[in-house]
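Observations on the three-dimensional arrangement
In case you want the letters, here they are:
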Amino acid sequence: MRIVDAKVIVTCPDRNFVTLRLTTDDGLTGVGDATLNGRELAVASYLEDHLCQLLIGRDASRIEDTWQYLYKGAYWRRGPVTMTAIAAVDTALWDIKGKAAGMPVYQLLGGRSRDAVTVYGHAGSATVSDVLEEVAGLLGRGYRAVRVQVGVPGLEKIYGVGRGGFYEPATAGARPDEESWSTAKYLNFVPELFAAVRDGFGYDVHLLHDVHHRLTPIEAARLGKALEPYGLFWLEDPISEELQEGFRLIRRHTTTPIAVGEVYNSIWDCRQLITEQLIDYIRMDVVHGGGITHLRRVFDLAALYHVRTGSHGATDLSPVCLAAGLHVDVAVPNFGIQEYMPHTDATNAVFPHSYRFEDGLMYPSEEPGLGVDIDEEAAAEYPYRQAYLPVNRLEDGSMHDW
Ligand code: KDG
Ligand code: MG
């Protein structure tokens, strides 16, 4: 089973996606997501200009060896561009292996550990009363867990506050949008939001919140403490993720569970957080976490330290990544929760798939392989459009974390 073709497909059905499609000499195909939001073409080039030619002629069944070949063989290890490219190859090879075996990929990972995958939905509006309406809508659709974000009075645009139920932070154009930030205004306002949500909906629904890397450790400790009465499922990315020992300080002050990892790319990025039990949920995902092979390794390390999974699942992770992630979620013993932001109709049409959402739960495909594909003709109707994630400034104009 040799790889005879490796094709990179860039398409923009409402947002940009990069997909790798591998074909073997016995006619099997496999797909892998290679999307890196706002830096898509860098990964497309890494694949097209450096990896595709190395894949031709390789034995498609040797997934681990191919992973090591691309990781160790680059010399320049890790980093989001490299790891996203490796992830795409790895994911496509798992897809092919599943098709060759006639089994859904979760069977090859050891089979189901659970019947379905609990996902969290998103409520993010400018005002608390609009957020409450959104939470009610999500609960009506069966969600048992909701991430709650709100606009902060005095700040014009902030992370997590969407446009009509569909959140897409990247904007088309030649320059990023600029947002503004005041930690004081945010810290003073957020507890009110959670008081209102608990008041309206009680304690049976799981509530989550994403700080998006904006606080210092002592500020995050203060927020975690202030939110303790509201029993959050998790507080996500309270501080920037580079300084792993920074989380020790948060841990000393609060029992609010902490979730981290959407910008991590390898087991080395999260090793200290996991082994020192500084977090409760690891949020790495298939596309930015080195593929199914590497993500499984991270999740197994996490299991040893009572850290559960909570994979990133924003709209910039394509249906190929979501399909792959659901196979991992259903198989690993230490699954926690999966983020779910539905894709648009145009995206879904370009990526036909058979995973499904029902009553707050998701089910991976039962088809051989991942159960997702890319319709190349449909993809061709949506050419790449340059888009950037926003940048963020403090009110005095200095750059801050977005
Ligand atoms: O590309 C960046 C987004 O995926 C990210 O901002 C979304 O923080 C995010 C989340 O938790 O989904
Ligand atoms: Mg996040």
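Residues numbered from 1 in each chain as written. Chains lettered and ligands numbered in written order. Predicted model: local features only at pLDDT ≥ 70, side-chain atom pairs only at ≥ 80, totals over all residues. Heavy atoms only, no water.

Some thoughts on the coordination of the magnesium ion (ligand 2)
Coordination of the magnesium ion (ligand 2) by the protein is provided by Asp-210 (OD), Glu-236 (OE) and Glu-262 (OE), with metal-donor distances spanning 2.0 to 2.2 Å. One chain supplies every donor for the magnesium ion (ligand 2), spaced along it as D-x25-E-x25-E. Of this pair, Glu-236 sits in strand E9 (residues 234–236) while Glu-262 is found in the loop between strand E10 (258–260) and helix H9 (267–275), placing the two residues 26 residues apart along the sequence. By the burial criterion, Glu-236 is buried, and Glu-262 matches it. (Donors = N, O, S within 2.8 Å, 3.2 Å for Na, K, Ca; no water. Helix = DSSP H or I, 4+ residues; strand = E, 2+ residues; numbered from the N terminus. Buried < 20%, exposed > 50% of the residue type's maximum accessible area, 1.4 Å probe, protein only.)

A few points about the sheet that holds strand E1 (residues 3–11)
Here we have three strands laid out as an open sheet, ordered E1-E2-E3, and antiparallel in their pairing. Every interior strand has two partners, whereas the edge strands, E1 and strand E3 (29–33), have only one. Ignoring strand direction, the axes of neighbouring strands in this sheet form an average angle of 20 degrees. Bridge count for E1 against strand E2 (residues 17–24) is eight bridges, and the pairing is antiparallel. (Pairing = 2+ DSSP bridges. Axes fitted to C-alpha atoms, helices over the stretch in contact; angles between N-to-C directions.)

Considering the environment of Ala-196
Take Ala-196: it is sitting in helix H6 (residues 183–201). Placed 112 residues apart in sequence, Ala-196 and Arg-308 show a C-alpha to C-alpha distance of 28 Å. Setting aside residues no more than four positions away along its own chain, Ala-196 makes contact with Val-128 and Leu-132. (Contact = heavy atoms within 4.5 Å.)

What to know about the packing of helix H2 (residues 63–73) against helix H10 (residues 291–304)
If you want to describe how two helices pack, look at the angle between their axes and the distance between the axes. Here H2 crosses H10 at 90 degrees, and the two axes come no closer than 9 Å. For the element pair H2 / H10, the angle class is roughly perpendicular. Contacts between H2 and H10 pair Ile-63, Glu-64, Trp-67 and Gln-68 from the former with Thr-293, His-294 and Arg-297 from the latter. Partitioning the contact of H2 with H10 into residue classes produces two nonpolar, three polar and two charged. (Parallel < 35°, antiparallel > 145°, perpendicular 65-115°, else oblique. Nonpolar A, V, L, I, M, F, W, Y, C, P; charged D, E, K, R; others polar.)

Comments concerning the sheet that holds strand E17 (residues 391–394)
Ordered in space as E7-E17-E18, the three strands form an open sheet in which the pairing is mixed. Both edges of this open sheet fall to strand E7 (178–181) and strand E18 (399–400), since each of them pairs with a single strand only. Relative to E18, E17 is paired through two bridges, and the arrangement is antiparallel. Bridging across to E18, Arg-393 finds its partner in Met-399.

Some thoughts on the domain arrangement of the chain
The assigned domain composition of the chain is domain 1 (3–104) and domain 2 (108–369). A separation of 26 Å is found between the C-alpha centroids of domain 1 and domain 2. Listed per partner, the contact involves 35 residues of domain 1 and 36 residues of domain 2. Carbon and sulfur atoms supply 63% of the area that domain 1 and domain 2 bury against each other, a total of about 2,800 Å² over both sides. In terms of surface lost to domain 2, no three residues of domain 1 exceed Asp-33, Trp-94 and Pro-104, which account for 22% of the buried area on that side. For the pair domain 1 and domain 2, the interface holds three salt bridges. Salt-bridge contacts for Arg-78 lead to Asp-269; the nearest nitrogen and oxygen are separated by 3.6 Å. In this structure, the connection of domain 1 to domain 2 is made through 11 residue pairs in polar contact (both at pLDDT 80 or more). For the side of domain 1 that touches domain 2, the elements supplying multiple residues, two or more each, are E2, E3, H2 and helix H3 (80–101). Per-element accounting of the side of domain 1 that touches domain 2 gives the leading share, 12 residues, to H3. (Domains from an automatic or database assignment. Buried area = accessible area lost by both parts, 1.4 Å probe. Salt bridge = Lys/Arg side-chain N within 4 Å of Asp/Glu carboxyl O. Polar contact = N/O pair within 3.5 Å; in protein donor to acceptor, adjacent residues only side chain to side chain.)

A short note on the packing of H6 against helix H7 (residues 217–227)
Following both chains from N to C, one finds H6 and H7 inclined at 15 degrees, their axes separated by 10 Å at the closest point. Here H6 is positioned roughly parallel relative to H7, judged by the angle of their axes. Of the two elements, H6 crosses H7, and the hand of that crossing is right-handed. On the side of H6, the interface is formed by Thr-183, Tyr-186, Leu-187, Asn-188, Val-190, Pro-191 and Phe-194, while H7 contributes Glu-219, Arg-222, Leu-223, Ala-226 and Leu-227. (Left-handed = near helix turned anticlockwise from the far one by under 90°.)

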